[in-house]
Protein chains: 2
Amino acid sequence: MRQNGDMPHTLWRPSLALALYRNRQAPASRFVQLATIRIDGLPTVRTLAFRGFLNETHRLMFAIDNRGANAKEIARTPWAAACWYFPVTHEQFRVGGVATIAGEEERDPIRLEARRECWLAMPESARLVFAWPNPGEPRERRVPFPAHLARPDVPLPNFCLMVLDPQEVDHLELNGDPQNRWHYRSDSLGRWSAVEVNP
Amino acid sequence: MRQNGDMPHTLWRPSLALALYRNRQAPASRFVQLATIRIDGLPTVRTLAFRGFLNETHRLMFAIDNRGANAKEIARTPWAAACWYFPVTHEQFRVGGVATIAGEEERDPIRLEARRECWLAMPESARLVFAWPNPGEPRERRVPFPAHLARPDVPLPNFCLMVLDPQEVDHLELNGDPQNRWHYRSDSLGRWSAVEVNP
């Protein structure tokens, strides 16, 4: 067990990776709830699939559609908060940070390549969604949804990689004695500090 | 299958009740992610146990601690958004609405009684949390956490019932053909309307 005072300050990253591994039998543990601020200023939250860490960093990747509300919300208020609940190990991770979006006109070659790799790593069913009619608009039953992509290896223009750069992480272990909770925070220079807090 | 145009406008309530029933084997399906606006204006999200509907209404109940950040956030910005992901039936419900808090000084006898019933319905382990030291403050290892309550039948003063009065509901069925999604909305008179939208 980790003791107060001698805890590595960036331990949240391996702790999260470990939780993802330990909960891999529960398919829903790949899903995260992402909270953003709507255009009207109210909070909202939806489920997204976690697409892994950006290269070897601690940045989190998600696939989003630039026609959807979440892309517009992040463009306006870039702070987003993600929450995992892991049902096997009874842990919660809350991650708050700055979200940025890499679309097909992304200039950073590393992020552009990460966008392409994310597309290729997704199952066909997840890629097809980006070829569907505009999400959230009234449904026209007569409009058929495409069942395959002409060029499955080429990301569709509306496909975006959202990168969440964590600034704060709250890790709660419900199976502790009685529970354990740590709060991690990054300063403006990217240096992490950690404190054990009451659950 | 529900057809566009002849759908009852308040169908989200039985749909949610049905999803809770169908997913009862997945204990995590009782958990909801609740998004609020922090005091500093940023969005945040955490996992809460759903404590059922308030009497026969469509209002959602949650147990919260008035010493915690979420109680302070709701007092300041009463709009909250809840998100369920149901792993067995592959459904998502997103509920946005106005949250109010009933503490021990609640004047409405119905809400005060609902608070008491919620307390009594919780397992002992969930009640004990309200006797722990202030959540989120630095942990003192020397301070023992109480292991039982002197009066388990009496709600502790910091125990609050949070009631979320839904104004908008978004229901997504991932198992549709290919997916189904409905958006429900309440007007200022509490009349619900519904529209089927693109997933």
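Everything below is about the structure printed above this text.
These figures come from a predicted structure and were not determined experimentally.

A few points about the overall build of chain A
Across its full length, chain A carries four helices and eight strands. Walking chain A from its N terminus toward its C terminus, one meets helices and strands in the order α-β-β-β-α-β-β-α-α-β-β-β. The C-alpha radius of gyration computed for chain A amounts to 18 Å, which stays within 12% of the reference 16 Å derived for 199 residues, consistent with globular compactness. Taken over the C-alpha atoms alone, chain A extends approximately 60 × 35 × 35 Å along its principal axes. Within chain A, the proportion of its 199 residues that are buried is 50%. Expressed as a percentage of contacts within chain A between residues at least 6 apart in sequence, the contacts between residues at least 24 apart total 60%. Counting only carbon and sulfur atoms, one obtains 54% of the accessible surface of chain A, whose full area is about 9500 Å². Side-chain charges of chain A comprise 25 positive and 23 negative groups, with the mean position of each set lying 4 Å from the other.

Let's talk about the pairing of strand β5 (residues 91-102) of chain A
Residues and elements named next belong to chain A. Of all twelve residues in β5, nine are buried, a share of seventy percent or more. In this structure, strand β4 (residues 79-86) lies alongside β5, joined through eight bridges in antiparallel fashion. By the bridge assignment for β5, Ala-82 is matched with Val-95. In this structure, the hairpin formed by β4 and β5 is closed by a connection of four residues, where His-90 is found at a positive phi of approximately 55°. Relative to strand β6 (residues 159-173), β5 runs antiparallel, the two being bridged by twelve bridges. Along β6, the bridge assignment pairs Phe-93 with His-171.

Some thoughts on the state of the cysteines
In this structure the tally under the stated criterion is zero disulfides over all chains. Sulfur of Cys-160 of chain A: no disulfide; nearest cysteine sulfur belongs to Cys-118 of chain A and is 11 Å away.

Let's talk about the interface of chain A and chain B
The interface of chain A with chain B comprises 48 residues on the first partner and 48 residues on the second. For the pair chain A and chain B, the summed buried area comes to about 4000 Å², and 57% of that belongs to carbon and sulfur atoms. The three residues of chain A that bury the most area against chain B are Pro-43, Arg-139 and Asn-198 of chain A, which together make up 18% of that side's buried surface. The interface formed by chain A and chain B contains two salt bridges. Glu-168 of chain A is the partner of Arg-38 of chain B in a salt bridge, and the nearest nitrogen-oxygen pair spans 2.9 Å. Linking chain A with chain B are 18 residue pairs in polar contact (both at pLDDT 80 or more), by the criterion used here. The set of elements that each furnish at least two residues to the side of chain A that touches chain B consists of β1 (31-37), β2 (43-53), β4, β5, β7 (180-186) and β8 (192-196) of chain A. Ranked by residue count, the leading element in the side of chain A that touches chain B is β4 of chain A, at six residues. When the residues that make up the side of chain A that touches chain B are grouped by side-chain class, the tally is 25 nonpolar, twelve polar and eleven charged.

Examining the packing of aromatic side chains
Residue and element names in this part refer to chain A. In total, this model carries 22 aromatic pairs over all chains according to the counting rule given. With a centroid separation of 6.2 Å and 15° between ring planes, the pair formed by Trp-84 and Phe-86 is classed as stacked. Each of the two residues, Trp-84 as well as Phe-86, counts as buried. Residues Phe-130 and Phe-159 carry aromatic rings whose centres are separated by 5.1 Å and whose planes lie at 85° to one another, so their mutual orientation is edge-to-face. Of this pair, Phe-130 sits in the loop between α4 (124-128) and β6 while Phe-159 sits in strand β6, placing them 29 residues apart in sequence.

Details of the pattern of salt bridges
Inspection of every chain in the model, using the stated rule, returns 24 salt bridges over all chains. As a salt-bridge pair, Glu-113 of chain A and Arg-116 of chain A come within 3.3 Å of each other at their nearest N and O atoms. Here Glu-113 of chain A and its partner Arg-116 of chain A are both found in helix α3 (residues 109-121), three residues apart, which amounts to about one turn of the helix. Residue class for Glu-113 of chain A comes out partly exposed when judged on its relative accessible area of 31%. Exposure remark for Arg-116 of chain A: the relative accessible area of 38% places this residue in the partly exposed category. Residue Arg-111 of chain B is joined to Glu-106 of chain B by a salt bridge in which the shortest nitrogen-to-oxygen separation is 3.2 Å. Exposure class is identical for Arg-111 of chain B and Glu-106 of chain B. Each is buried. One salt-bridge network, in which partners are shared between bridges, spans Arg-38 and Asp-40 of chain A together with Glu-168 and Arg-185 of chain B.

Things to note about helix α3 (residues 109-121) of chain B
In an α-helix, one turn spans 3.6 residues, which is why side chains three or four residues apart end up on the same side. Residue and element names in this part refer to chain B. With 13 residues, α3 extends 18 Å from end C-alpha to end C-alpha; this agrees with the ideal 18 Å at 1.5 Å per step. Buried residues in α3 make contact with β2 (43-53), β3 (60-65), β5 (91-102), α4 (124-128) and β6 (159-173). Taking the backbone nitrogen of Ile-110 as reference, a side-chain oxygen 2.9 Å away marks Asp-108 as the first, capping residue of α3.

Describing the pairing of β6 of chain B
Residue and element names in this part refer to chain B. Along β6, 14 of the 15 residues are buried, which leaves the element largely enclosed by surrounding structure. Note that β3 and β6 share six bridges and pair antiparallel. For Ile-64, the partnering residue across the bridge sits in β6 and is Cys-160. Linking β6 to strand β7 (residues 180-186), which pair antiparallel, is a turn of six residues.

Cut-offs and rules
- Residues numbered from 1 in each chain as written.
- Chains lettered and ligands numbered in written order.
- Predicted model: local features only at pLDDT ≥ 70, side-chain atom pairs only at ≥ 80, totals over all residues.
- Heavy atoms only, no water.
- Helix = DSSP H or I, 4+ residues; strand = E, 2+ residues; numbered from the N terminus.
- Rg over C-alpha atoms; globule rule 2.2 N^0.38 Å.
- Buried < 20%, exposed > 50% of the residue type's maximum accessible area, 1.4 Å probe, protein only.
- Contact = heavy atoms within 4.5 Å.
- Areas by Shrake-Rupley, 256 points an atom, 1.4 Å probe, with all protein chains shown as cover.
- Lys, Arg positive; Asp, Glu negative; His and termini not counted.
- Charge placed at Lys NZ, Arg CZ, Asp CG, Glu CD.
- Pairing = 2+ DSSP bridges.
- Disulfide = S-S within 2.5 Å.
- Buried area = accessible area lost by both parts, 1.4 Å probe.
- Salt bridge = Lys/Arg side-chain N within 4 Å of Asp/Glu carboxyl O.
- Polar contact = N/O pair within 3.5 Å; in protein donor to acceptor, adjacent residues only side chain to side chain.
- Nonpolar A, V, L, I, M, F, W, Y, C, P; charged D, E, K, R; others polar.
- Phe/Tyr/Trp six-rings, centres within 6.5 Å; stacked < 30°, edge-to-face > 60°.
- Expected span 1.5 Å × (residues − 1).

By themselves, these figures tell us nothing about what the structure is for.
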